[in-house]
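Architecture at a glance
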Protein chains: 2
Amino acid sequence: MKHVTHSTSLDALFRPRSVAILGASDDPTRISGRPVRYLLEGGFKGPLYPVNPNRDTVQGLKAYKTLADVPETPDVALLAVPAALTEQAVRECVEKGVKGAVIFSAGYAESGEEGLAIQKRIADVARAGGLRLLGPNCLGIFNPQIGFFGTFTQSLDKEMPGPGPLGIVSQSGAYGSHIAYLARQRGIGINYWITTGNEADVDVAESLEWMAAQDDVKVIMAYVEGVRDGERFRRALALAQANRKPIVMMKVGRSEIGARAASSHTASLAGSDAIYDALFRQYGVHRAATTQEQIDIAYACARGIFPKGDKLGVVTLSGGAGVLISDAAERYGLDVAPMPEAAQTTLKALLPFATVANPVDTTAQALNDMNLLARNMEVILDQGGYDALLGFFSTVPNTRTLSGPLRDAIAKGCERFPDRLIALEMVADAAVVKDYEEAGFLVFEDADRAVAALAALVRFSRAFDRAQAVPAVPAAAPLAGTALSEHAAKALLAQAGIPFLAERMAADARAAGEAADAIGYPVVLKIVSPDIEHKTEIGGVLVGVAHRAGVEAGFATLMERAAGHRPDARIEGVLVAPMAGKGVEVIVGVSRDPVFGPAVMFGLGGVHVEVLKDVTFRLAPFGRDEAERMIDEIRGRALLSGVRGAAPADVDALAELLVKVSEFAAAHRDDVETIDLNPVVALAAGEGVVALDALVVPRAADRAGIEA
Amino acid sequence: MKHVTHSTSLDALFRPRSVAILGASDDPTRISGRPVRYLLEGGFKGPLYPVNPNRDTVQGLKAYKTLADVPETPDVALLAVPAALTEQAVRECVEKGVKGAVIFSAGYAESGEEGLAIQKRIADVARAGGLRLLGPNCLGIFNPQIGFFGTFTQSLDKEMPGPGPLGIVSQSGAYGSHIAYLARQRGIGINYWITTGNEADVDVAESLEWMAAQDDVKVIMAYVEGVRDGERFRRALALAQANRKPIVMMKVGRSEIGARAASSHTASLAGSDAIYDALFRQYGVHRAATTQEQIDIAYACARGIFPKGDKLGVVTLSGGAGVLISDAAERYGLDVAPMPEAAQTTLKALLPFATVANPVDTTAQALNDMNLLARNMEVILDQGGYDALLGFFSTVPNTRTLSGPLRDAIAKGCERFPDRLIALEMVADAAVVKDYEEAGFLVFEDADRAVAALAALVRFSRAFDRAQAVPAVPAAAPLAGTALSEHAAKALLAQAGIPFLAERMAADARAAGEAADAIGYPVVLKIVSPDIEHKTEIGGVLVGVAHRAGVEAGFATLMERAAGHRPDARIEGVLVAPMAGKGVEVIVGVSRDPVFGPAVMFGLGGVHVEVLKDVTFRLAPFGRDEAERMIDEIRGRALLSGVRGAAPADVDALAELLVKVSEFAAAHRDDVETIDLNPVVALAAGEGVVALDALVVPRAADRAGIEA
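My aim in this report is to walk through the structure given alongside it, one point at a time. (Residues numbered from 1 in each chain as written. Chains lettered and ligands numbered in written order. Predicted model: local features only at pLDDT ≥ 70, side-chain atom pairs only at ≥ 80, totals over all residues. Heavy atoms only, no water.)

Description of the nonpolar core
Quick reminder of the rule: Residues belong to one nonpolar core when they are buried, are Ala, Val, Leu, Ile, Met, Phe, Trp, Tyr or Cys, and are joined through side-chain atoms within 4.5 Å. Under the scheme applied here, a residue whose accessible area is under 20% of the maximum for its type counts as buried, over 50% as exposed, and between as partly exposed, the area being computed with a 1.4 Å probe on protein chains only. The contact rule is simple, with two residues in contact once any of their heavy atoms fall within 4.5 Å.
Core analysis: the biggest nonpolar cluster contains 322 residues, and Phe233 of chain A together with Phe233 of chain B have the highest contact counts within it. For Phe233 of chain B, the contacting residues outside a window of four places in its chain are Val204, Ala205, Leu208, Val224, Val227, Met249, Tyr276, Leu279, Phe280 and Phe596 of chain B. Counting 94 residues, the second-largest nonpolar core is a separate cluster that includes Ile631, Ile634 and Ala653 of chain A together with Ile498 of chain B.

Some remarks on helix α18 (residues 509-519) of chain A
Residues and elements named next belong to chain A. Selection criterion: Each helix is a run of H or I in the DSSP string that is no shorter than four residues. Each strand is a run of E no shorter than two, and both are numbered from the N terminus. By construction, the arc corresponds to the directions joining the helix axis to the C-beta atoms. For this analysis, a polar contact is any N or O atom pair within 3.5 Å, provided that within protein one partner can donate a hydrogen and the other can accept it, and provided that sequence-adjacent residues contribute only side-chain to side-chain pairs.
Looking at α18, one finds that the buried residues are Ala512, Gly513, Ala515 and Ala516. One side of α18 carries all its buried residues, which in axial view fall inside an arc of 165 degrees. Its buried side turned inward, α18 meets β20 (504-506), β21 (523-528), α19 (548-565) and β23 (573-578). Between the side-chain oxygen of the N-cap and the backbone nitrogen of Arg510 there are 3.2 Å, and the N-cap of α18 in question is Asp508. Just past α18, the residue Gly520 takes up positive phi, approximately 100 degrees.

Some thoughts on the sheet that holds strand β16 (residues 360-361) of chain A
Residue and element names in this part refer to chain A. As a reminder, the rule being used: For two strands to pair, DSSP has to find at least two bridges joining them. Only the stretch in contact is used when fitting a helix axis, every axis being a line fitted to C-alpha atoms; angles between N-to-C directions are given from 0 to 180 degrees.
Taken in spatial order, the five strands make up an open sheet running β16-β15-β17-β18-β19, and their pairing is parallel. The sheet is open, and its two borders are formed by β16 and β19 (442-444), each paired with just one other strand. Bridge count for strand β15 (residues 312-316) against β16 is two bridges, and the pairing is parallel. Opposite Thr316, over in β16, you have Asp361 as the bridge partner. In the packing of helix α16 (residues 447-465) onto the sheet, contacts are made with β15, β17 (388-394), β18 (421-426) and β19, and the angle to β17 comes to roughly 170 degrees.

Quick word on the interface of chain B and chain A
How we decide: We define buried area as the total accessible area lost by two parts upon association, computed with a 1.4 Å probe and summed across both. Each reported salt bridge corresponds to a side-chain nitrogen of Lys or Arg within 4 Å of a carboxyl oxygen of Asp or Glu.
Contacts between the two partners involve 67 residues from chain B, matched on the other side by 67 residues from chain A. With both chains or domains summed, chain B and chain A bury close to 5500 Å², and 59% of this area falls on carbon and sulfur atoms. Between chain B and chain A we count four salt bridges in total. Counting the contacts that link chain B with chain A gives 22 residue pairs in polar contact (both at pLDDT 80 or more).

So, the sheet that holds strand β2 (residues 48-51) of chain A
Residue and element names in this part refer to chain A. One open sheet accounts for five strands, arranged β2-β1-β5-β6-β7; its pairing is parallel. For this open sheet the edge positions go to β2 and β7 (132-134), each flanked by a neighbour on one side alone. Ignoring which end each strand starts from, the neighbouring axes of this sheet average 20 degrees apart. Inspection of the sheet shows strand β5 (residues 76-79) paired to strand β6 (residues 100-103) by four bridges, in the parallel sense. Each bridged residue has a counterpart across the sheet, and for Val76 the counterpart in β6 is Gly100. Where helix α3 (residues 83-96) meets the sheet, its contacts fall on β1 (19-22), β5, β6 and β7, and the angle it forms with β5 comes to roughly 170 degrees.

Thoughts on the side chain of Ser662 of chain A
Of note, Ser662 of chain A is situated in helix α22 (residues 651-667). Among residues more than four places away in sequence, those in contact with Ser662 of chain A are Val600, Ala620, Pro621 and Phe622 of chain A.

Brief notes about the pairing of strand β12 (residues 219-224) of chain A
Residues and elements named next belong to chain A. To be explicit about the condition: Every crossover in which the path from the first strand over the helix to the second runs clockwise, viewed with the strands pointing away from the viewer, is termed right-handed.
Burial within β12 is extensive, with six of its six residues counted as buried. Where burial is concerned, the two faces of β12 agree: the one with Val219, Met221 and Tyr223 and the one with Ile220, Ala222 and Val224 are both buried. Pairing of strand β10 (residues 166-170) with β12 involves five bridges; the strand directions are parallel. Bridging across to β12, Leu166 finds its partner in Val219. Both β12 and strand β13 (residues 247-251) contribute to a ladder of five bridges, which runs parallel. Counted as the bridge partner of Ile220 is Ile247 from β13. Note that the unit made of β12, helix α7 (residues 230-242) and β13 has a crossover that is right-handed.

Notes on the relation of the copies chain B and chain A
Formally: Least squares is the method for superposing the copies, and the C-alpha atoms it fits come from residues with pLDDT of at least 70 in both.
Least-squares fitting of chain B to chain A yields an RMSD of 0.1 Å, with the superposition described by an axial translation of 0.0 Å and a rotation of 180 degrees. This pairing of chains is accounted for by a two-fold axis. Within chain B, His608 of chain B has its C-alpha nearest the rotation axis, a separation of 4.8 Å. Most of the interface of chain B is mirrored in chain A, where 100% of its interface residues are also at the interface.

Details of the packing of helix α5 (residues 173-185) of chain B against helix α10 (residues 291-302) of chain B
Residues and elements named next belong to chain B. Defined as follows: The scheme is simple: roughly parallel for angles under 35 degrees, roughly antiparallel for over 145, roughly perpendicular for 65 to 115, oblique for anything else. Two helices crossing with the near one rotated counterclockwise from the far one by less than a right angle form a left-handed crossing, whereas a clockwise rotation gives a right-handed crossing.
At a minimum axis separation of 10 Å, α5 and α10 run at an interaxial angle of 50 degrees. Considering the angle they form, α5 stands oblique to α10. Along this stretch, α5 crosses α10, giving a crossing that reads as right-handed. Contacts between α5 and α10 involve Tyr175, His178, Ile179, Leu182 and Ala183 on the former and, on the latter, Thr291, Gln294 and Ile295.

Observations regarding the pattern of salt bridges
Opposite charge on two side chains permits them to pair, given that their charged atoms come into close proximity. All names here are of chain A. Under the definition given, this model contains 108 salt bridges over all chains. Two residues, Arg287 and Asp277, come together in a salt bridge whose shortest N-O distance is 3.1 Å. With a gap of 10 residues between them, Arg287 in strand β14 (residues 286-287) and Asp277 in helix α9 (residues 273-282) connect regions that are remote in the sequence. Both residues of the pair, Arg287 and Asp277, count as buried. When the shortest N-O distance is used, the salt bridge between Arg548 and Asp517 registers 2.7 Å. Residue Arg548 is found in helix α19, and its partner Asp517 is found in helix α18; the two are separated by 31 residues along the sequence.

A few points about α16 of chain A
Residue and element names in this part refer to chain A. Operational definition: The span one expects for a helix is its residue count, reduced by one, times 1.5 Å.
Counted at 1.5 Å a residue, the expected span for α16 with its 19 residues is 27 Å, and the 28 Å between its end C-alpha atoms agrees. When you tally the buried positions in α16, you get 16 out of 19 residues, the bulk of the element. With a side-chain oxygen lying 3.0 Å from the backbone nitrogen of Asp448, the N-terminal cap of α16 falls on Asp446.

Quick notes on the packing of aromatic side chains
Operational definition: Planes of paired rings set the category: under 30 degrees apart is stacked, over 60 is edge-to-face and the rest tilted, where pairs are Phe, Tyr or Trp rings (Trp by its six-membered ring) whose centres lie within 6.5 Å. Look at NZ for Lys and CZ for Arg. If either is within 6 Å of the ring centre and within 35 degrees of the ring normal, a charge sits over the ring.
A full pass over the atoms with the stated rule returns 34 aromatic pairs over all chains. With 5.7 Å between their ring centres and 70 degrees between their planes, Tyr49 of chain A and Tyr64 of chain A make a pair best called edge-to-face. Residue Tyr49 of chain A is located in strand β2, and its partner Tyr64 of chain A is located in the loop between β4 (61-62) and β5; the two are separated by 15 residues in the primary sequence. Given a relative accessible area of 8%, Tyr49 of chain A falls into the buried group. Ring geometry for Tyr299 of chain B and Phe444 of chain B: centres 5.6 Å apart, planes at 90 degrees, overall edge-to-face. Here Tyr299 of chain B is found in helix α10, whereas its partner Phe444 of chain B is found in strand β19 (residues 442-444), with 145 residues between them in sequence. One exposure class covers both Tyr299 of chain B and Phe444 of chain B, and it is buried. An aromatic cluster of three or more residues is present, and its members are Phe233, Tyr276, Phe280 and Phe596 of chain A. Sitting above the plane of the Tyr64 of chain A ring, Lys62 of chain A keeps its charged end 4.9 Å from the centroid. One residue, Arg186 of chain A, lies across the ring of Tyr299 of chain A, its end atom 4.3 Å from the ring centre.

Some words on unusual backbone geometry
The amide bond that connects Ala620 of chain A to the next residue, Pro621 of chain A, takes the cis arrangement and shows omega of -5 degrees. Position of Pro621 of chain A among the secondary structure elements: in the loop between β26 (615-619) and α21 (624-633). Backbone torsion omega between Asn358 of chain B and Pro359 of chain B reads 0 degrees, so that peptide bond is classified as cis. The residue Pro359 of chain B is located in the loop between α12 (341-350) and β16 (360-361) in this model. The backbone of Asn137 of chain B shows a phi angle near 60 degrees, a positive value even though the residue is not glycine. Relative to the elements of secondary structure, Asn137 of chain B occurs in the loop between β7 (132-134) and β8 (140-143). The exposure class of Asn137 of chain B is partly exposed, given its relative accessible area of 28%.

The following block contains the structure:
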């Protein structure tokens with residue numbers, strides 16, 4: 001199911017045939033001289049047009065007084081001019097018909113109101129003239145395949161990155177440079193690199209979408225502080241998932257201080273961090289906690305093998321390492337499953353001194369006969385049923401006599417299984433590492449990092465397999481922008497398939513009594529008013545009312561309490577409801593994220609949500625699988641499986657409810673602010689779920705107007 | 001409060017004046033030749049006596065036919081002989097009066113019953129002869145200060161470690177070699193290294209205790225699979241804490257597979273993993289999750305500066321890095337506190353383009369004037385009140401022109417603050433890293449790893465400050481080895497200061513009624529029998545009995561139920577108790593770990609313990625501070641602070657209860673198997689706590705006899 005995006009307007013920025021450099025300096029160490037230097041050193045495969053009114057040549061190239069003087073229309077213009085001259089330069093680009101311009105200078109949206117105004121003006125000029133803008137306040141873009149280095153980043157000073165399977169998208173220029181450097185150091189080539197800075201036009205969402213559509217991108221690293229176009233960002237992630245392109249994401253701003261620092265760094269209207277988490281889970285994006293993890297996983301992805309299952313075979317020269325790796329595997333969710341008995345017997349015959357269950361500890365004695373080691377690995381791969389194999393070899397590959405023979409033995413043991421991922425833990429000099437990598441192995445200096453990366457590959461594999469396009473839910477007729485009473489909210493949600501108790505509205509005491517007779521005792525009575533959101537706080541709910549007289553008296557009590565607390569409230573009457581069955585109380589809610597729209601929350605009731613924050617989110621809408629993943633994700637999941645002799649809860653019905661809520665929320669994406677179903681009782685398996693209360697808060701019409 | 005251990009009998013093993021090598025080979029690549037090679041290359045500062053019946057010289061040294069022929073009594077003998085000859089060699093060592101012997105060969109306890117028997121016999125011979133044994137099945141011991149390399153580890157093949165502040169204790173030879181190699185690679189010198197293998201005599205506990213007492217050990221790395229002598233291990237950790245020696249621990253076997261792999265690797269009787277966690281928390285040991293983390297933290301400790309507080313100043317050249325570091329600081333519990341206003345004003349005057357709150361983002365422009373950068377760091381250290389400073393410099397130190405000036409600027413900015421810990425994130429060649437380290441900075445390639453290490457140092461600092469000797473609790477009169485009824489258990493624990501309700505035993509219905517009259521209604525009635533552990537399961541508890549008639553009828557009901565379910569049970573009567581006040585239900589328990597003795601468990605009641613496993617442990621006994629840390633450690637801690645309008649619970653009284661339980665458990669360390677106080681109600685602050693139920697299971701006399 002290969003999707004192709006229709007966003008091709010970044011092609012010129014990523015693959016220009018010709019480049020002009022406005023403000024190009026002859027001094028290759030200056031910011032305005034470095035791009036010329038890098039383009040020359042990188043061997044750009046097309047004409048370069050330095051523009052400098054004061055010079056005939058720039059770094060040996062013929063220079064032009066103005067952009068207009070350039071003999072052809074360059075695809076891309078790099079604007080290495082001061083901020084004050086940028087607006088004029090953008091106009092000149094438009095006049096010349098340039099397709100893309102990169103603005104390096106700072107002093108725009110990040111510097112205050114005035115800068116923001118200039119930035120908007122520049123963006124308007126570009127948009128009107130069909131010019132795509134990168135930046136301002138960015139470090140640019142590069143594509144080593146064609147030697148295009150449209151950047152002044154200092155990090156290329158010592159060495160230029162070569163081409164390869166990696167694409168990098170970063171809102172921060174410094175971070176983008178940092179990971180590009182680390183990637184090169186780790187031997188991962190880069191085909192495309194883009195830093196989006198203030199995002200006056202090209203943003204991180206569009207860049208990701210573009211990369212996700214490229215055949216020559218095998219893995220994407222991204223750095224994101226905040227996203228403006230939530231819908232496009234989501235579409236980009238969905239496209240990457242569908243095209244089986246792993247995204248390894250550094251999304252910063254998780255902590256409070258971090259979020260503050262992020263907003264001082266860019267002017268992004270950031271979605272809440274929990275929503276980003278939800279989104280990444282939904283589309284199988286790996287959110288890295290550390291830069292090292294981000295690089296490790298991108299490195300592993302670059303190999304292009306994504307294990308189908310989570311079974312990990314482990315071979316070590318030391319029992320201790322086997323224990324360590326088993327612990328790590330459990331932490332990261334890989335299964336160090338034992339070898340089949342027959343295979344263990346075979347191995348034991350080969351290496352009588354070995355521990356053969358898995359981890360297989362050959363002990364250092366295996367190094368005495370490399371053929372045995374090779375045969376040992378072959379048996380493990382052939383009969384163990386493992387999706388990936390991790391070998392722990394410590395410093396052995398770095399010893400002069402053993403390095404080559406060990407590499408060859410492992411290669412021989414693995415040669416019949418090219419689809420299996422082979423990772424090695426080893427501590428060795430760079431040249432030795434490269435040598436082992438070229439023999440086809442992933443190399444990690446730390447066993448824990450190897451396990452973490454393998455686990456991430458398994459998650460990617462599963463996420464790719466479940467890829468589906470963002471479901472389209474047609475917008476429903478908008479709600480009136482006023483608060484809904486419980487009764488009205490329930491009626492609305494019931495139409496959408498949310499199960500409630502068979503309740504009846506009663507306008508007077510007698511009607512309440514009749515309703516209760518019909519329902520059967522005991523019953524619950526609740527005051528109904530669009531003006532009273534939290535009924536229990538004013539004593540507006542009576543539980544376990546056992547007979548008709550009680551119901552009629554209760555009606556009067558509720559009226560008195562409502563009048564006492566909120567004399568102005570519009571009272572619609574009293575809801576008479578049966579008592580709910582026994583079950584596990586959960587909470588389902590919807591809140592509208594300003595960037596990403598409605599998100600559905602799920603958690604267990606009471607302290608689980610309020611104190612333990614044991615909740616999970618997904619963006620609406622989503623399907624049944626995603627709902628099940630939500631349910632399985634909460635820490636208190638076991639409570640739904642039946643504890644202390646309770647029956648297991650109806651998890652199927654609960655998943656169905658989550659799907660329905662997500663569809664309702666998506667249909668009302670523009671006009672619902674929040675929904676609360678609290679509590680929802682998950683009855684015993686087969687008996688369904690039932691929401692006892694419902695609150696729907698429409699989005700105030702004026703706010704909808706402002707934000708839309 | 002410098003303690004000195006009295007265990008000096010390892011001195012000869014760690015600092016021999018002369019060494020014999022039994023079975024020494026002339027071939028320096030063989031296992032039996034490598035120790036000779038390493039001792040020669042390491043320049044051992046005393047006489048070496050190779051013993052080899054077939055040669056006159058070994059690797060250029062005069063060889064002796066037998067140990068008896070050696071002209072003096074060597075301090076240490078390395079036994080590089082086959083397993084079959086080891087027992088005889090040990091006898092010869094005893095006859096010669098050797099102080100310590102190292103047994104390299106395998107084939108003992110780890111290989112089965114027969115090997116275990118031989119190992120025990122050898123240990124008996126050594127013990128009787130005053131000979132200390134290291135091993136068998138170990139990689140030996142080394143001390144680079146005197147060139148003593150009593151090991152055949154392959155990892156010294158390319159380069160020998162130099163002396164330095166690190167001590168390494170490892171049960172696994174391969175892991176010990178691995179981390180020694182990594183430490184050398186990271187530039188950390190090693191003064192002592194020991195691998196204990198099968199621990200026939202010298203074990204990990206004694207080795208740690210010895211290292212903790214050495215002035216020339218500043219940080220200890222340890223690898224542990226299981227501990228046999230729990231008491232000595234605990235004493236060793238306490239000594240290290242008192243002597244302000246950080247222990248960075250890799251304790252493997254956390255996962256189920258890991259624990260299985262560990263027990264196949266050694267024959268340790270391992271304590272449960274949760275108990276190790278408790279112990280490490282109690283004595284301020286850092287338990288590393290990964291090898292990399294272990295090395296990082298040892299590296300940071302080696303500098304010898306342990307920040308007093310948790311305030312972290314951050315300087316970056318990029319806003320993105322600041323956000324990343326803020327997120328990491330929150331994750332690891334460091335406080336990226338803002339700069340005081342006045343200091344911000346000063347900084348803003350220095351660097352108008354900078355973000356100055358903290359993280360301080362100087363932007364790359366600060367590199368244009370290194371004096372400004374130096375001044376900037378000085379202001380942050382002088383006025384920010386930070387305990388440590390982290391600078392993020394990415395690849396800048398690796399650029400030719402900026403590397404030296406940047407290093408000097410940072411050094412200048414920090415020179416007035418030698419007590420402050422300065423860590424730098426930078427990606428650079430090894431020589432550049434060394435250059436910066438020699439200027440006094442910790443260098444990390446990854447910002448997250450730097451933050452993790454700094455946070456560990458802060459925890460060490462706090463743990464050192466609260467160090468106290470293991471409290472001595474005299475053993476109490478032992479309990480009879482039979483089950484106790486609830487009433488008897490409560491009476492016993494009440495004597496130890498545990499608060500219970502004012503309950504009364506009643507032997508008949510009338511006495512129950514009178515007791516209830518005296519207590520006041522409503523009351524709770526409970527059947528009392530040493531044979532009924534779980535009263536609620538047989539309906540043996542009646543709650544909220546409101547009047548005398550109900551009490552008398554209830555008495556009869558309980559008797560009937562007991563007789564119906566357990567006709568053989570000895571019935572002591574019925575307990576009449578007042579209803580407990582409202583509060584938060586918690587659980588306090590004691591269980592006896594076979595290695596470490598009684599451990600106290602604390603958690604919130606109900607699902608918190610059973611489903612969410614939100615519990616914490618400490619070894620008994622402990623003081624008030626430790627009890628408070630336990631309470632603060634549980635995820636649901638907020639429930640004790642009052643949620644949904646509830647009053648905060650009496651945390652002081654709860655801490656006191658934990659201390660009392662720990663003292664009782666310690667006094668009965670040999671004769672109590674488990675204690676359950678479930679539930680304990682923590683009443684509102686100032687109103688105390690009260691245990692509603694108590695179960696004490698004494699240790700069966702026969703089991704106590706077997707294990708003791």
